[in-house]
Amino acid sequence: MQDLLPEPFLRWFASRSWTPRPHQLAMLEAAAAGEHVLLVAPTGGGKTLAGFLPSLVALATPRAAPALHTIYVSPLKALANDVARNLMAPIEAMGLPVTVETRTGDTSAERRRRQREVPPDFLLTTPESLALLLSLEDAPRLVASLEAIVIDEIHALAGTKRGDQLALCLARLTALAPRARRAGLSATVAFPEALLDYVACGGRARRIEVAETTPPEIRMMLPEARIAWAGRMGLASASAVLRRIEAAGTTIVFVNTRAQAELLFQEVWKLNEATLPIALHHGSLDLAQRKRVEAAMAGGELRAVIATSSLDLGIDWGGVDQVIQVGAPKGVARLLQRVGRANHRMDEPSRAVLVPANRFEVLECEAAMDGVAARTLDGEPPRPGGLDVLAQHLLLMACAGPFSPEAMFAEVRRAAPYAGLLRKDFDDALGFVETGGYALSSYERYRKLFRDAEGLVHMASARVARQARMNIGTIVEAPLLKVRIAGRGGAALGEVEESFANGLREGDTFMFAGRLLRFLRIREITLECAEGGSGTPSVPAYAGTRMSLTTHLAARVRAMLHDSARWHRFPEPVREWLELQRDRSELPGPEDLLVEIFPREGRWYLVAYAFEGRNAHQTLGMLLTRRMERFGAAPLGFVATDYVLGAWSAHEPGDIEALFAQDMLGDDLQEWMAESSMLRRTFRNIAVIAGMVDRHAPGAERNRRQVTINTDLIYNVLRRHEPDHVLLRATWADAASGLTDLGRIAAMLARVQGKIRVRRLDRVSPLAVPVLLDIGRESVRTAADEDALLMETEALVAEAMAA
């Protein structure tokens, strides 16, 4: 150990009653060998210190001149700031001659300038700020001395557009500072080989994994009243949640949506007669308020904070005694990440309580606890890198100086998301940045690069470089559409999310601002409608509800439903529910698709138990109702949950196998995507990231209307004159993997071919009750309608029990 850690470090560890852990020593050995590393360690396992330890040891001896030694990249500015504070403890205790600074969007221009003149030893930053740094002309000089790159929470970046941008930056750093070793840090890894490739940047990387000595303690807490049939908020458990808060020191209460956070906070606060200090934290709150909450938690001033995923990767709070998850976690890896926020002490278990909001969520919580016990993590494998992100990167690299296309192509392919990049796609992305592409090449403003006589690519002007740097980043604000009554002087009613508007077709009715409205069209960023309409109206839904059940967890739930030997773990009401379903209909199997058809109140209902998550079910519902219309069933609407798709129609649906045929993803998909305006909206995000449309300009900000008008015009031009344009290809790729979740639908349709089980019933089945309740809420039915359905269900239960 003395060979790896100098005496001052051993004394510092001893002063804290710590012993250097095997993975920390392994990181020192890997650094000495110049190896790139993926470190997988549970939260509280000292992984951040392990990532920095080789650099701290290397800098224990003063250097002749200031030079950048280590770059640390975090997905969150707050995490970078917190790590900077935590690093100062060992540095000051040992008197190390090490300087630490952050460089994020909050860093002043003066400090950024000074960092270029007198670099700190450690620079803590984010993917966007690193991309900006590498776009500077003096970037090669600044990073030439670089010895280490530490990427924290790497699992949260890989597979996202921010991760694509960071991977391209890592490839650039590999070219500029080939000696620099890379270390990726993560608490959870579902696809270790993919993350190893991400860290390796075309080379090789070593995986160091810390065995979990104390598995987390997770239990389920049921509501005091009966378990709800439907609903996702879990507000009925507010009093039980408050009692858990009262019994612990400090608690993080996680929920899945911002609306749920607001509602649960209000319910808990109403019951908080002791006025315990309880705070609220989510991404829509003002930044200053979030920082105050974080500081209060770090200072031990709060008993609880009710939060969304805004704290999933947050600050290292060792004093958190427990985590409460209200609502099902939607994924094993997500649950482990949240559970790990409690008790950041290596030899003590993290403690968590799951609070399901309804009966299906009881099944999901049990399946998630099984997944944690089995350590089988879930999530989607990282997808290929986006061509829009590549276009932005090429423009930024030209800002730094001329480059050879051949050398840049080789450099880009070192980035794991772009390892399979075709030369045609690279050339098309570069061609777009140079001229805008064939259809736009006559417009001067799209000519941002040029080639000299030797074939080197140069920036067209200093103005273009300035604009490019002002528009760095891959996060595009989720757009809202204004709702307005059509016609001159039509009233503005408010805003809805475009994901809701994308599902509407001309003539559809919806409830908004207390009015019954009929959808007419989407014009630019406005949803135009008229008063009145016929048919059952829908109600707009908002963003936080999109957190979908993972494929892995869905498979566990299906298997659990099918295996009655495991039902003894469920509470009695849930067991009765499943037994009654088995008697009245049947239960979904692990590999098939159960579809129930039954009449109710003059309509026909189709309920498909697909278990593919809300996003996939939304797309499936849109495609299915198109086919039902073509088959003469006259569909009236659908509703999607994480577990079930329910559709209702005027006529009895027939030929269910044909309705769910794999060709659903052919012409039906093409027609729906063309009509729904989803591609147009997706293109807008692509165009902004790729630099076709600037969000920011010197002295002015483009509003959403300007951005939308520009991108809509360009979209029409490209579809007409250059349908194979690189940004249109990127748009299709984004649509397939994003909102529509086509991969899951395609896999499900392939899996169930020849295994679709159709049950035609004379009335609603027990398992269909939750989705009918959701249909009632989406359709703005009365409380009496819901009560009638519940009374009918209770009668079914009583009848079964008597039998």
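In this numbering scheme, every chain counts its residues from 1 along its sequence in written order. For a predicted model such as this one, the threshold for reporting local features is a pLDDT of at least 70, and the threshold for listing and counting side-chain atom pairs is 80 or more; totals across whole chains, interfaces and linings nevertheless cover every residue. Neither water nor hydrogens contribute to the side-chain values; these are computed over all heavy atoms in the structure.

Before we go on, may I ask you to explain the sheet that holds strand 22 (residues 603-609) in this structure?
Sheet strands line up and pair through hydrogen bonds in the backbone, either parallel or antiparallel. Paired strands, as defined in this entry, are two strands with at least two bridges between them according to DSSP. The secondary structure listing takes helices from DSSP runs of H or I that are at least 4 residues long and strands from runs of E that are at least 2 residues long, numbered from the N terminus. The strand order across the open sheet formed by 5 strands is 23-24-22-21-27, and the pairing between neighbours is mixed. Either end of the sheet is taken by a strand with one partner, and the two such strands are strand 23 (635-640) and strand 27 (756-760). In this sheet, neighbouring strand axes are inclined to one another by 15 degrees on average, regardless of whether the strands run parallel or antiparallel. For strand 21 (residues 593-600) and strand 22, the ladder comprises 7 bridges, and the chain directions are antiparallel. Along strand 22, the bridge assignment pairs Leu594 with Tyr609. Every axis in this analysis is a line fitted to C-alpha atoms, fitted for helices over the stretch in contact. Angles between the N-to-C directions lie between 0 and 180 degrees.

Help me understand the confidence of the model for the chain, please; the structure alone is not making it clear to me.
Detailed reading of predicted coordinates is not advised where the pLDDT is low. Overall, the prediction assigns the chain a mean pLDDT of 84, with 87% of residues at 70 or greater. Within the chain, no element has a lower average pLDDT than helix 30 (residues 783-802), which sits at 51, and none a higher one than helix 16 (residues 405-412), at 97. Confidence of the prediction at every residue is given by pLDDT, a number between 0 and 100.

Looking at this model, I keep getting lost on the pattern of salt bridges. Mind explaining?
Whenever Lys or Arg places a side-chain nitrogen within 4 Å of a carboxyl oxygen from Asp or Glu, that contact is recorded as a salt bridge. Within the structure shown, the criterion is met by 43 salt bridges. Among the salt bridges present, the one from Asp138 reaches Arg141, with a minimum N-O distance of 3.1 Å. Two residues, Lys330 and Glu364, come together in a salt bridge whose shortest N-O distance is 3.2 Å. With Lys330 in the loop between strand 12 (322-326) and helix 13 (332-339) and Glu364 in helix 14 (residues 359-374), the pair connects residues that are 34 residues apart, well separated along the chain. Taken individually, Lys330 and Glu364 each receive the classification buried, so the pair is uniform in this respect. A single salt-bridge network, built from bridges that share partners, covers Lys424, Asp425, Asp428, Asp724 and Arg729. Exposed residues in this analysis have more than 50% of their type's maximum accessible area, buried residues have under 20%, and partly exposed residues fall in between, with area computed by a 1.4 Å probe over protein chains only.

Which parts of the structure should I look at to understand helix 21 (residues 572-584)?
The α-helix winds at 3.6 residues per turn, so residues separated by three or four positions along the chain end up facing the same way. Here the expected length of a helix is defined as 1.5 Å per residue gap, with one fewer gap than residues. Between its first and last C-alpha, helix 21 extends 18 Å over 13 residues, near the 18 Å set by a 1.5 Å rise per residue. Residues Val574, Trp577, Leu578, Leu580 and Gln581 constitute the buried set of helix 21. Here the buried residues of helix 21 occupy an arc of 160 degrees about the axis, which is enough to place them on one side. Within this analysis, the arc is defined by the directions that extend from the helix axis to the C-beta atoms.

So what exactly am I meant to see when it comes to the side chain of Glu411 here?
Along the chain, Glu411 turns up in helix 16. The contact definition used throughout considers only heavy atoms, calling two residues in contact when any of these lie within 4.5 Å. Among residues more than four places away in sequence, those in contact with Glu411 are Ala171, Arg172 and Ala175.

Just to check I follow, could you spell out the side chain of Thr70 for this structure?
For Thr70, the position within the fold is in strand 2 (residues 70-73). Side-chain atoms alone can form a polar contact between residues adjacent in sequence; in general such a contact is a pair of N or O atoms within 3.5 Å, and within protein one must be able to donate a hydrogen while the other accepts it. Here Ser55 takes part through its side chain, which lies 2.7 Å from a polar atom of the side chain of Thr70. Not counting the four nearest positions on each side in its chain, Thr70 is found in contact with Phe52, Ser55, Asp121, Phe122, Leu123, Leu146, Ala148 and Val150.

Even after reading the chapter, I still don't get empty space enclosed by the protein, so can you show me in this structure?
In this approach a probe as big as a water molecule rolls over the atoms, and the regions it shows empty are the leftover space. Throughout, the protein atoms alone are placed on a 1 Å grid, and a set of points is a cavity if a 1.4 Å probe fits but cannot get out or a pocket if it is open with protein on both sides within 12 Å along at least five of seven lines; lining residues have an atom within 4 Å of a point. Grid points are joined across faces, edges and corners, and a volume is the space filled by probe spheres set on the points. All told, the structure shown has 6 cavities of 30 Å³ or more when counted by the stated rule. Considering only enclosed or pocket space, the second largest cavity measures out at about 140 Å³ in volume. Lining the second largest cavity are 17 residues; nearest its centre among them are Asn358, Phe360, Thr641, Tyr643 and Asp774. Among the elements of the structure, helix 14 and helix 29 (769-778) are those that each provide at least two residues to the lining of the second largest cavity. Considering every element that reaches the lining of the second largest cavity, the biggest residue donor is helix 29, with 3 residues. Residues are grouped as follows: nonpolar covers Ala, Val, Leu, Ile, Met, Phe, Trp, Tyr, Cys and Pro; charged covers Asp, Glu, Lys and Arg; every other residue, Gly included, is treated as polar. Each residue belonging to the lining of the second largest cavity can be placed in one class, and the counts come to 8 nonpolar, 3 polar and 6 charged.

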